[in-house]
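# What the coordinates show
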Amino acid sequence: MPRTDFGPPHYMEMLPPVIKRNYGRWKYHEILRPGVLKHVAESGEEIYSIRVGSPRLVSTDFIREVCDLADKYCDGYVRFTSRHNIEFLVTKKENIEPLIQEVKAKGWPVGGTGNCLSNMVHTQGWIHCHTPATDASGIVKAVMDELYEYFVEEKLPAKLRISLACCLNMCGAVHCSDIAILGVHRTPPRVDHELLAKVSEIPTVVASCPTGAIRPNPKLKSVEVNEERCMYCGNCFTMSPAMQIMDPENDGVSIWVGGKVSNARTAPMFSRLAIPYLPNNPPRWPEVVEAVKKLVEVWATHARKGERMGEWIERIGWETFFKLADIPFTDKHIDDFIFSVPTFRTTTQFRW
Amino acid sequence: MPRTDFGPPHYMEMLPPVIKRNYGRWKYHEILRPGVLKHVAESGEEIYSIRVGSPRLVSTDFIREVCDLADKYCDGYVRFTSRHNIEFLVTKKENIEPLIQEVKAKGWPVGGTGNCLSNMVHTQGWIHCHTPATDASGIVKAVMDELYEYFVEEKLPAKLRISLACCLNMCGAVHCSDIAILGVHRTPPRVDHELLAKVSEIPTVVASCPTGAIRPNPKLKSVEVNEERCMYCGNCFTMSPAMQIMDPENDGVSIWVGGKVSNARTAPMFSRLAIPYLPNNPPRWPEVVEAVKKLVEVWATHARKGERMGEWIERIGWETFFKLADIPFTDKHIDDFIFSVPTFRTTTQFRW
Amino acid sequence: MANAQTPRVDELEKGPWPSFVKEIKRAAEKHPSAGDLLRQLDLSYAEKIGHWKHGGIVGVKGYGGGVIGRYSDKPEEFPHVKEFHTMRINQPSGWFYTTEALRKLCDIWDKYGSGLTNFHGSTGDIILLGTTTGNLQPCFDELSDAGFDLGGSGGGLRTPSACVGPARCEFSCIDTLDVCHSLTLEFQDFLHRPQWPYKFKIKVSGCANDCVASIARADFAIIGTWKGAIQIDQAAVADYADAGLNIQEEVVEKCPTGALAWDGEKKELKLKAEDCVRCMHCINKMPKALRPGEQRGATLLVGGKATILKSAFLGWVIVPFMELKPPYTELKDLLRRIFDWWDENGKNRERIGELIYRVGMRTFLKAVGLPPVPQMVFRPRANPYVFWWPEEVKRNA
Amino acid sequence: MANAQTPRVDELEKGPWPSFVKEIKRAAEKHPSAGDLLRQLDLSYAEKIGHWKHGGIVGVKGYGGGVIGRYSDKPEEFPHVKEFHTMRINQPSGWFYTTEALRKLCDIWDKYGSGLTNFHGSTGDIILLGTTTGNLQPCFDELSDAGFDLGGSGGGLRTPSACVGPARCEFSCIDTLDVCHSLTLEFQDFLHRPQWPYKFKIKVSGCANDCVASIARADFAIIGTWKGAIQIDQAAVADYADAGLNIQEEVVEKCPTGALAWDGEKKELKLKAEDCVRCMHCINKMPKALRPGEQRGATLLVGGKATILKSAFLGWVIVPFMELKPPYTELKDLLRRIFDWWDENGKNRERIGELIYRVGMRTFLKAVGLPPVPQMVFRPRANPYVFWWPEEVKRNA
Ligand code: SRM
Ligand code: SRM
Ligand code: SRM
Ligand code: SRM
Ligand code: SF4
Ligand code: SF4
Ligand code: SF4
Ligand code: SF4
Ligand code: SF4
Ligand code: SF4
Ligand code: SF4
Ligand code: SF4
C-alpha cells in the first residue's frame, strides 16, 4: 500500500533562495517591457520574471526544454502563472537578454504582462472531454496566432483576458472574461431509450433538468424531452450517457464580452452575450477568429486609456456597443433565465 | 337601463380657458415660493398654481369648500395632483395672496413643490380594507404633523416622497419612495377549516402561495400551512377568507428607504428595507414617526444639494447608511426571495 | 356625534396637518355611516386590528367592476357600516375639474353615500367611500346622468391616468391627457367588464420625470421622450449662470452620461447629443433655457407592478420610441395584441410582467410582433441558456 | 508518425503561437497513444464531433477521485486511446517548481503515460493527460515516491490554488501560499475521498486584484485586504507625477468612491480613508508610492461558480475581514462548519451557492454562526417577504 494523503510538495522547497530571503517583503515592481517584470524587495534585492506564452497542452519534452533554460539562467527554478504562462525567475540581470534570445529562438513568445493580451485560459475540447460542443486547443491556437502582436507588444488600452470553454459547464470559467469563447449545443438531447433503461435511474435523469423539460416515459422505462423547454445545457448528459447532446450539425461557438474578475476600479463583472452562434469550422475557425479580432479592435479603437472591455461598454452603453461592434441584437441576447428581470431596462435612459 | 361605457368626462370640459388657449404651448415655469408655481406660455400668458395639502380622505363639505375658493379666485377651476394635493389654478396674479390667506385660515398647508416633502401617497388601512397590517390615514396624519415644516418650507436637499401602504399588496406603491412605511404581517395565516371547506376551492388556495407553503389537508377538506415556509404575504387570504392573516399581537410597520421613480439623473430605484419592524402603536405611532423623522434628518444633514435619499445612500454605500442612521443590520435585510442573488455583494469593495 | 366615544382617533384631530378625523366627523353630522365608521376605527385603534369582513362582490347593472364590496364584522355594534361599499369613479384625465362638476358629485354622494371620499384613490379614481348595496344602482344612475362613469376593479383594465402634461407643463412630449382619455374610451369594455387573468394598469407621463409614477405603478407605462438634440438657448443658460446657478456642479456633473460640458468663460453649455439619455435633469434645472428635442414621441414600458407575487417590478422598455398622434392606432393595436396574448397565456392572478418573466421576453416579443433591440435591456444575458427556435437550427435525422 | 494522416490538425502547426499539435507530435514520437490522440482529433475536426465515450470511473487505491476516466468511442480505429485517463496531480502552492521536481514528473509520465500534460489544468492541477487503467496505480506509486499527491475530482473538495502572493508580489496582504497549503493538508480527506453533494473549490488571492480569479471560480474565495489608510509616500507620488503619470485622470478619477484628491500644485495625494474600498487601483498605478494599510487580513466570499445549474455566481462576501495567521484555526473552523451544513442540506449536484440561494442567506448565516453585516450585500432587500424566526414573534393562541 503506497502512502496517501501526504499532500502536494511544500511550496518552500520550490522557491528560489532570493524569494525565500525576501518572502513577504517585496517593495514594488516595474514592467521593464512586455513579458519582463522586475520586483524589488525591501532588502534591495531584485528578481526578474520573464513571462513566456505556452500552448498549455505540452509534451514532457517541452517541460524538459523549460527546465534546461531554467537550469541555465535561473538556478533551476521556474514557475507557471494562473493563466498557464511560464515565468522564468532570473536573479542575475545579465541573464535576461540571453534567456529571451533562447526563448525566442524556440518560437516561444515573451509578453502577456501589463496592458497585453495574456494567454487564453481554456479547456479540453475534443482532446479529452465527452461533452464538448467545440474544440478548445484548436480555436485557441487560431485566435492566439491572429492576436499574437497583442501578446508580445503592449498596445491595448488595458489588460485583455480571453478565455474559452468547450461547453456550458464552462471549465475555462469564461463567465468573467473580457472576451469569452463558449461552445454551445443548440438542439435537445436525443434519448437512447435502450441505453437509458440499462444504465440510468429515471428520477435522477428527470431531476437533472433545470427547466423541467424531462419527464418519465414509463412504457419505455426511459424518459422524454419536452423540446420546447430544453435549453441544451447538457446537464442531463452529464448524468446519463443516454442523453446524447453533441450534434455536429448544430453545435458551435458563442462569443461573450465585458467580463472581468479583479476588483480594481469596478466590481467584477460577468461576460455577456455578444454573438449567439458561429459555426464550428475547423481547423482554424475563421469566423470565430475574425469575430474576436473585430471585438478587440473596436475596443482598442474606442476605449479610453485604462478601460477594460467591460468598463468601456458600461460607459458607452450596450446599445452603443452593439452599434459600434456591428453585431445584430436578437431575442437571444435578452435573458430569460432565473435572474432575467434585473437585466431588463427599467428606465427611459438609453441611447438611440 | 342607464347608459354605460360613456367614459369619464372629457378633460377639455374641465380645463380653464387660459389652459385651453395655451395647451401644449407652455414655455417654462418658476417656483415662486413653496406651493406657488408660475407657468408661462409661449404666448406670454401666465398661470399660477397654488398647491395645497389635503388629507385625501375628505368629506363632501371639504370639496365644497375647495369649490368655494376656486369659484372666488380661479374662475371655477381646480385640479388635484398625482399625490392628492389640491392645485388652485389662478390667472390673476393679485388673487394669489388673498387665496393663500384664506387657505391658511382654514388650516390647510401651502407647499409641497420643489425640494419639499409632498403629500404622502397612502391607502385605506383600517378605514376600508380587509387585510391591513396597520392603519393608513392615522400614521400619515401623525407623520405629516411631525414633518409639517418640510411641506411648507423648502429646506431639504431634494424632493422627498414618503408613501404608506397598509399591507404587502402595496396599494400605495411604496416600492419606489424615498421613504416608505409598509404594514407587515409576521405570522402565518390561521386556517379556519370549517369556513375553508365551505367557501374555498382547495387547489386555488394551494396555488395561491408563492412559496408553496400550503398543502391540502384532504381529511378536513381544508389546507395546512407549513409555517417555516410562510413569509406572511397574505396572498392566500386574498384568495380565501378562511386564511386569516391579521394578527394584532404581531402585525406592525416596516420602514423602507431610497426609492425613486423619476429618471432624472439616476434610473428609478426600489425602496429597500431599513427597519424590519416597529409596533402598531395607535393613535400616533410614535416609534414610526420618530424613525421617519430621524431618516429625514440624517439625509438632510449628510446629502449633497440635489441628492435624493437613494442617490445619497448609493454614493455613501448602504453600510455607511446603516451606520449614520444608527439602524441595526439584521438577517432580515438580506434578500432571500427570487432575485436575491444580484443583491449579494460580489466584490471586495466595501467600506468598514 | 362621535366625539366622546372615540377617544383614540380624536387624538388625530390635533396637529398642523389637516385631519381626516375632522373630515369624518363633518360627514358624520349628516351621515350616520360616517359616525359608525369612526367608532369602528376607534375600536381598531384599541384592538390593533381591522374590522372589515373579507371581500364581497357587489356592483351595478352592466358592469363587472368599479365597486369594492365591504361589510363590517361588527354589524351589531356599527349597523350603519354593515354595508359600506366603495364606488370607483373614473376621474377626468389629469384630475382637472370645474367646480360645477365637483359640486354635482358631492350632491349625489351626500344623497346616496357616506359623504366621505378619497380625492383621489391611488390608481387615480375618485373614490366614493361607503354606501349600501341598495344605494349602488341609484347612485350610479345619477352619476351617469352627471357624466361620471365607473372606474376599474378586479381582473381587467384599471382606470388609466395621466400627468398634467400639455395642460400645464412645458416638458410634455406627448398629449398625455388625450392619450389617457382615448385609451380609456377605446378599452372601456375591458375596464368595465373584467375578463382577464388579473389587473392591468396604464399610466401616461409626458416626460422622464414620470409624475404619475408610471414606471413603478403601471403594467403599461407611456413616457414621453424625444429624438434629436436638446434645444439650447445659450443666452438663457448664461442668465441662469448669472443668477447664481452653479452649472458645473448642479447640472453638468449630475448628467448621468457626461453628455454635457460647461465652458464657464464663454458661458456656453455644450451637449454631446448622442450621449444624452433624455433623463430631463438639465432641462429640469434650466427650464427657461433648455427644451426637449423636436421629434417627440414616447417610450413604452411593460411589466411595472407592486410586490404580489413575484416581487415588485419596474416597467421594462419594449418600444424605445413611438410617435403618438391621434387616433393612436399603432399604440392601440399594440395594446390589443398584448391584451390578447396575456389573456390567452396568463395564469389566474398573474400580472403581465410575471407572465413575461415566466415564459421569456423572446416569447412575448414574438407573440406581439416587436423587434428585439438593445434598449430593452441594461445589459445582455450573462448565462448561456439560450433557446433556439426550431426554424433556426438544422433538423436532426 | 501521425503526419500525412492528420491533414486538418496539421494546419495548426502554422502560425506564430506555439502549437499544441507540434507538442502532440513530439509526444507521439515516443508514445503511440499520443499519435492515436492526434488522429482521433483529426477525425473530430472532419466530423465536428468529439470521440470520447461518456465518463467512466477509475482510480487508484485509497482515493476516490483525482482521475478522470476516458475511453475512445472508436477503439478499433484508435486502439492506443481506448483507455486514456487523466491524472490530476496537486500542484505546489503558487505553481513554483524546481527543475528537479519537474524532471522527475516528466520521467514518470513518460514511463506510464502519453507524455502529454497540461501545465496546468484550469483548477490548477498538473494534468497528466492520458494513460491506461492498468498504469494508474504504478504511476501513482512512483509519483507518490517523488512527493506528488493526487488532486481533486468528483463531489468533494477540489485542489485549492493561490496566487504568487508573498513569494513575489508586494501587494499580498496574506500568505496566500501558506494558507493554500495549510488548507489542502487540513482537508485532504475531503479532497481525496469525495463525499459531498458536489464539488467545492477554494482559491486564495493576496489582494483585490484577484489573480487566481477566486471570486469567479471558487465556492470559497479568500482575498487579502486591509484596514486603516493606504500608506502613502508623497515623495514617490511626486516622482510618478514628474515621470509623466497623469495622476488626476489615471488615478484619482478612476477611484470608484472618489476617495482620492490630487493637489497638483503641492504634488500631494489626499486620501479620505473612510471612503477607500480597497480596490487596489491607485496602488496598482503607483506601487512605489502606495502600499496597503497596516492591519492585514482577508475578505471571505462564498458561492462563486460557473453556470450549471442556476447560472454562474460570483462569490458573496460572508466575512468582511478575518485575520489570517497560522495555524488559521478560525478559518478552518468556519470552513468545517460550512462543509458540515452543506453536506447535510445540499441536494445532489447542488453547489453551496445554490443551496444558500434556495434556503436563504439567513439560514446559512445562522447555521454557520456568522453575524449579518451590511458588507454582505450591495443593497438590502427590496421585497417585503421577510421571514421571522419563531422566537422573534409573540406566540399566537
Ligand atoms: C502572475 C500572476 C499571478 C499568479 O499567481 O500566477 C499575476 C501577477 C501580477 N498581477 Fe495579476 N497576475 C495573474 C493573473 C491575474 C488575473 C487572473 C486571470 O487573468 O485569470 C487577474 C484578474 C483578471 C481580470 O480582472 O479579469 C489579474 C488582475 C490583476 C490586476 C487588475 C487588472 C485590472 O486593472 O483590472 C493587476 C493590477 C495591474 O495590472 O495594474 C494585477 C497585477 C499583477 C502584478 C503587477 C502584481 C505584482 O505586483 O506582481 C503581477 C504582474 C502583472 C502583469 O502580468 O502585468 N493583476 N491578474 C498571474 C498572471 C497570469 C498570466 O499569465 O497572465
Ligand atoms: C480539466 C478541466 C479543464 C481543463 O482543461 O483545464 C476540467 C474538465 C472537466 N470538467 Fe470542469 N474542468 C476543469 C476546471 C473547471 C473550472 C475552472 C476552475 O476550477 O477554476 C470550472 C468552473 C468553476 C466551477 O467549478 O464552477 C469547471 C466547471 C465544471 C462544471 C460545471 C460546474 C458548475 O457548477 O457550473 C462541470 C460539470 C460537472 O461537474 O458535472 C465540469 C466537469 C468537467 C468534466 C469532469 C466533464 C464532466 O462532465 O464530467 C471535464 C473532464 C474533462 C476531461 O476529460 O479531462 N467542470 N471546471 C479543469 C480541471 C483541471 C484541474 O484539475 O486543474
Ligand atoms: C403636479 C404634478 C403632476 C400631476 O399631474 O399631478 C407634478 C408637477 C411637476 N413636476 Fe413632478 N409632478 C407631480 C408628481 C411627480 C412624481 C410622482 C410622485 O411623486 O408620486 C414624480 C416622481 C417622484 C419620484 O421620483 O419618486 C415627479 C418627479 C418630478 C421631477 C424629478 C425629480 C427628481 O429630481 O428626481 C421633476 C423635476 C424637478 O422637480 O426638477 C418634476 C417636475 C415637475 C414640474 C416642475 C413640471 C412642470 O414644469 O410643471 C411640476 C411642478 C413640480 C413641483 O411640484 O415642484 N417632477 N413628480 C405632480 C405633483 C404631485 C404632488 O402633489 O406632489
Ligand atoms: C383604493 C386603493 C387604495 C387607496 O386607498 O387608494 C386600493 C385598494 C385595494 N387594493 Fe390596491 N388599491 C389601490 C391602488 C393600488 C395600487 C396603486 C396604483 O394603482 O397606482 C397598487 C400598486 C400598483 C399595482 O397595481 O401593482 C395596488 C396594488 C394592489 C394589489 C397587489 C397587486 C400586485 O400585483 O402586486 C392588490 C392585491 C390584489 O389585487 O389581490 C390590491 C388589492 C386591493 C384591494 C382590492 C384589497 C383586496 O385584497 O382585494 C383594496 C380594496 C380596499 C378597499 O376596501 O377599498 N391592490 N393597488 C387604490 C385604488 C383606488 C383607485 O382606484 O384609484
Ligand atoms: S467545458 Fe465542457 S466540454 Fe470543455 S472540458 Fe469542461 S466539461 Fe468538458
Ligand atoms: S439539455 Fe438541459 S434543458 Fe435540455 S433536457 Fe437536458 S438537462 Fe434539460
Ligand atoms: S395596501 Fe393592503 S391593506 Fe392597504 S388598501 Fe391595499 S390591499 Fe388594503
Ligand atoms: S401568507 Fe403567503 S406565504 Fe404564507 S401561506 Fe399564505 S400565501 Fe403562503
Ligand atoms: S411627467 Fe413630465 S410632462 Fe408630465 S407633469 Fe411631470 S414634468 Fe411635466
Ligand atoms: S437630459 Fe439628462 S442625459 Fe441628457 S444632457 Fe441633460 S442631464 Fe444629460
Ligand atoms: S492577487 Fe494581489 S497579491 Fe496576488 S499576485 Fe495578484 S496582485 Fe499580487
Ligand atoms: S484603493 Fe481604490 S478605492 Fe481605495 S483610494 Fe485607491 S482607487 Fe480609491
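Analysis parameters
- Residues numbered from 1 in each chain as written.
- Chains lettered and ligands numbered in written order.
- Predicted model: local features only at pLDDT ≥ 70, side-chain atom pairs only at ≥ 80, totals over all residues.
- Heavy atoms only, no water.
- Helix = DSSP H or I, 4+ residues; strand = E, 2+ residues; numbered from the N terminus.
- Buried < 20%, exposed > 50% of the residue type's maximum accessible area, 1.4 Å probe, protein only.
- Contact = heavy atoms within 4.5 Å.
- Areas by Shrake-Rupley, 256 points an atom, 1.4 Å probe, with all protein chains shown as cover.
- Lys, Arg positive; Asp, Glu negative; His and termini not counted.
- Charge placed at Lys NZ, Arg CZ, Asp CG, Glu CD.
- Near = heavy atom within 4 Å.
- Nonpolar A, V, L, I, M, F, W, Y, C, P; charged D, E, K, R; others polar.
- Donors = N, O, S within 2.8 Å, 3.2 Å for Na, K, Ca; no water.
- Buried area = accessible area lost by both parts, 1.4 Å probe.
- Salt bridge = Lys/Arg side-chain N within 4 Å of Asp/Glu carboxyl O.
- Polar contact = N/O pair within 3.5 Å; in protein donor to acceptor, adjacent residues only side chain to side chain.
- Patch = residues over 30% accessible without salt bridge, like charges linked within 9 Å, V, L, I, M, F, W, Y side chains within 5 Å.
- Phe/Tyr/Trp six-rings, centres within 6.5 Å; stacked < 30°, edge-to-face > 60°.
- Lys NZ or Arg CZ within 6 Å of the ring centre and 35° of its normal.
- Pairing = 2+ DSSP bridges.
- Axes fitted to C-alpha atoms, helices over the stretch in contact; angles between N-to-C directions.
- Parallel < 35°, antiparallel > 145°, perpendicular 65-115°, else oblique.
- Expected span 1.5 Å × (residues − 1).
- Left-handed = near helix turned anticlockwise from the far one by under 90°.
- Disulfide = S-S within 2.5 Å.

Summing up its helical and strand segments, chain C has 14 helices and 14 strands in all. If you line up chain C on its principal axes, its C-alpha atoms span 75 × 70 × 40 Å. Buried residues in chain C amount to 66% of all 397 residues. For chain C, contacts bridging at least 24 residues in sequence account for 64% of all contacts bridging at least 6. Accessible area for chain C stands at about 13,200 Å²; split by element, carbon and sulfur atoms hold 49% of it. Considering chain C, the positive charge centre built from 51 side chains and the negative charge centre built from 49 side chains are found 5 Å apart.

Turning to the overall build of chain A, a few remarks are in order. When you go through chain A residue by residue, the secondary structure sums to 11 helices and 14 strands. Its C-alpha atoms put chain A at 75 × 70 × 35 Å along the principal axes. For chain A, buried positions account for 68% of its 352 residues. The contacts in chain A between residues at least 6 apart in sequence include a share of 63% that link residues at least 24 apart. Here chain A displays about 11,200 Å² of accessible surface, and carbon together with sulfur accounts for 51% of that area.

Moving on, we get to the site of ligand 12. What surrounds ligand 12 is the set I230(D), C255(D), P256(D), L260(D), L271(D), C276(D), V277(D), R278(D), C279(D), M280(D), H281(D) and C282(D). For the shell around ligand 12, the class distribution of residues is 10 nonpolar, 1 polar and 1 charged.

What follows concerns the coordination of the iron atom of ligand 1. Ideal geometry at a metal gives 109.5 degrees between four tetrahedral donors and either 90 or 180 degrees between six octahedral ones. One donor from the polypeptide reaches the iron atom of ligand 1: C211(D) (SG), at 2.3 Å. Looking at the element boundaries, C211(D) is found in the loop between β7 (202-205) and α8 (214-217).

On to the interface of chain B and chain C. With 114 residues of chain B in contact, the opposing surface of chain C contributes 117 residues. Of the roughly 10,200 Å² buried between chain B and chain C, counting both surfaces, carbon and sulfur atoms make up 62%. Here chain B and chain C share 11 salt bridges between them. As a salt-bridge pair, D61(B) and K30(C) come within 2.8 Å of each other at their nearest N and O atoms.

The accessible area lost on association of the parts is a frequent measure of interface size. Counting residues at the interface gives 50 residues for chain C, matched by 48 residues for chain A. For the chain C face of the interface with chain A, the top three residues by lost area are F378(C), R381(C) and W388(C), together amounting to 16%. Along the contact surface separating chain C from chain A lie 6 salt bridges. Counting every contact that joins chain C to chain A gives 25 residue pairs in polar contact (both at pLDDT 80 or more).

A few words now on the side chain of S161(C). All names here are of chain C. Within the secondary structure layout, S161 lies in strand β6 (residues 161-162). Of the residues examined, S161 reaches a relative accessible area of 1% and is grouped as buried. Not counting residues within four places of it along the chain, the set of residues in contact with S161 comprises Q91, W95, T123, C180, I202, K203, V204 and V212.

All names here are of chain C. The grouping of E47, D73, E76 and E77 at the surface amounts to a negative patch. By secondary structure assignment, the location of E47 is in helix α3 (residues 32-47). E47 sits in the partly exposed class, given a relative accessible area of 35%.

A few words now on the coordination of the iron atom of ligand 2. Just one protein atom coordinates the iron atom of ligand 2, and that atom is C171(A) (SG), at 2.3 Å. Secondary-structure assignment places C171(A) in the loop between β7 (162-165) and β8 (179-184).

Tallied over the full model, the rule gives 116 salt bridges over all chains. Across the salt bridge formed by D110(C) and R64(B), the nearest N and O atoms sit 2.6 Å from each other. Taken together, the positions of D110(C) in helix α4 (residues 99-112) and R64(B) in helix α2 (residues 60-73) put the pair across two chains. Here D110(C) matches R64(B) in class, with each residue buried. The network of salt bridges with common partners includes D61(A), R64(A), K30(D), D107(D) and D110(D).

This part covers the packing of aromatic side chains. Enumeration according to the criterion identifies 69 aromatic pairs over all chains in this entry. On the numbers, 4.7 Å between centres and 75° between planes, the contact of F344(B) with W316(D) is edge-to-face. Linking F344(B) in the segment after α10 (318-325) with W316(D) in strand β14 (residues 316-322), this pair reaches from one chain into another. Per residue, the accessibility class of F344(B) equals that of W316(D), and both read buried. Put simply, the rings of F187(C), F190(C), W196(C), F200(C), F339(C) and W342(C) pair up and form one aromatic cluster. Here the guanidinium or amino end of K332(A) rests over the ring plane of W388(C), the centre of that ring lying 4.9 Å away. Sitting over the face of the ring of F350(B), R278(D) holds its NZ or CZ atom 4.7 Å from the ring centroid.

With respect to the element layout, N118(C) can be found in strand β4 (residues 116-119). Here Q124(B) takes part through its side chain, which lies 2.8 Å from a polar atom of the side chain of N118(C).

Moving on: the sheet that holds strand β7 (residues 162-165) of chain B. Residues and elements named next belong to chain B. The strand order across the open sheet built from 4 strands is β7-β8-β13-β14, with neighbouring strands paired in mixed fashion. Of all strands in the sheet, those bounded by a partner on one side alone are β7 and β14 (272-279). The mean inter-strand angle of the sheet, taken between neighbouring strand axes irrespective of direction, is 20°. Taken strand by strand, helix α4 (residues 137-152) contacts β7, β8 (179-184) and β13 (252-257), and its axis lies near 165° from that of β7.

Turning our attention to the sheet that holds β7(D). Hydrogen bonding along the main chain pairs the strands of a sheet, whether they run parallel or antiparallel. Spatially, β6-β7-β8-β13-β14 (chain D) is the arrangement adopted by the 5 strands of the open sheet, whose pairing is mixed. Both edges of this open sheet fall to β6 (161-162) and β14 of chain D, since each of them pairs with a single strand only.

Residue and element names in this part refer to chain C. It is at 6 Å that the axes of helix α13 (residues 352-359) and helix α14 (residues 361-368) come closest, and there the two elements cross at 110°. Between α13 and α14, the crossing angle belongs to the class labelled roughly perpendicular. Seen from α13, the contacting residues are I352, I356 and V359; seen from α14, they are M361, R362, T363 and F364. Across the contact of α13 with α14, the residue classes break down as 5 nonpolar, 1 polar and 1 charged.

A separate point is α3(C). The end-to-end C-alpha distance of α3(C), which contains 16 residues, comes to 23 Å, matching closely the 22 Å that a straight helix rising 1.5 Å per residue would cover. Among the 16 residues of α3(C), 12 are classified as buried, and the element is accordingly described as predominantly covered. The complete set of buried residues in α3(C) reads S33(C), A34(C), G35(C), D36(C), L37(C), L38(C), Q40(C), L41(C), D42(C), L43(C), S44(C) and Y45(C). Tucked inside the fold, the buried residues of α3(C) contact α4 of chain B together with α1 (7-10), α2 (20-30) and β4 of chain C. Remark: K48(C) follows α3(C) within two positions and exhibits a positive phi of approximately 60°.

Right, let's talk about the packing of helix α12 (residues 329-345) of chain C against α13(C) for a bit. All names here are of chain C. α13 packs onto α12 with a crossing angle of 70° between their chain directions and a minimal axis gap of 10 Å. Taken together, the axes of α12 and α13 lie roughly perpendicular to each other. Note that α12 runs across α13; the crossing there is left-handed. Contacts between α12 and α13 involve I338, W341, W342 and N345 from the former and I352, L355, I356, R358 and V359 from the latter. Tallied by class, residues from the contact of α12 with α13 come to 7 nonpolar, 1 polar and 1 charged.

Here we take up the pairing of strand β14 (residues 272-279) of chain A. All names here are of chain A. Along β14, 7 of the 8 residues are buried, which leaves the element largely enclosed by surrounding structure. Sheet topology note: the strand β13 (residues 252-257)/β14 ladder contains 5 bridges and is antiparallel. Across the sheet, the residue bridging to V257 is R272, located in β14.

Residue and element names in this part refer to chain D. Using the criterion set out here, one finds 0 disulfides over all chains in the structure. A disulfide-free cysteine, C180 has its sulfur positioned 9.9 Å from the sulfur of C163, the nearest such atom. Among the residues examined, C180 registers a relative accessible area of 3% and is labelled buried.

Taken by themselves, the reported measurements are silent on function.
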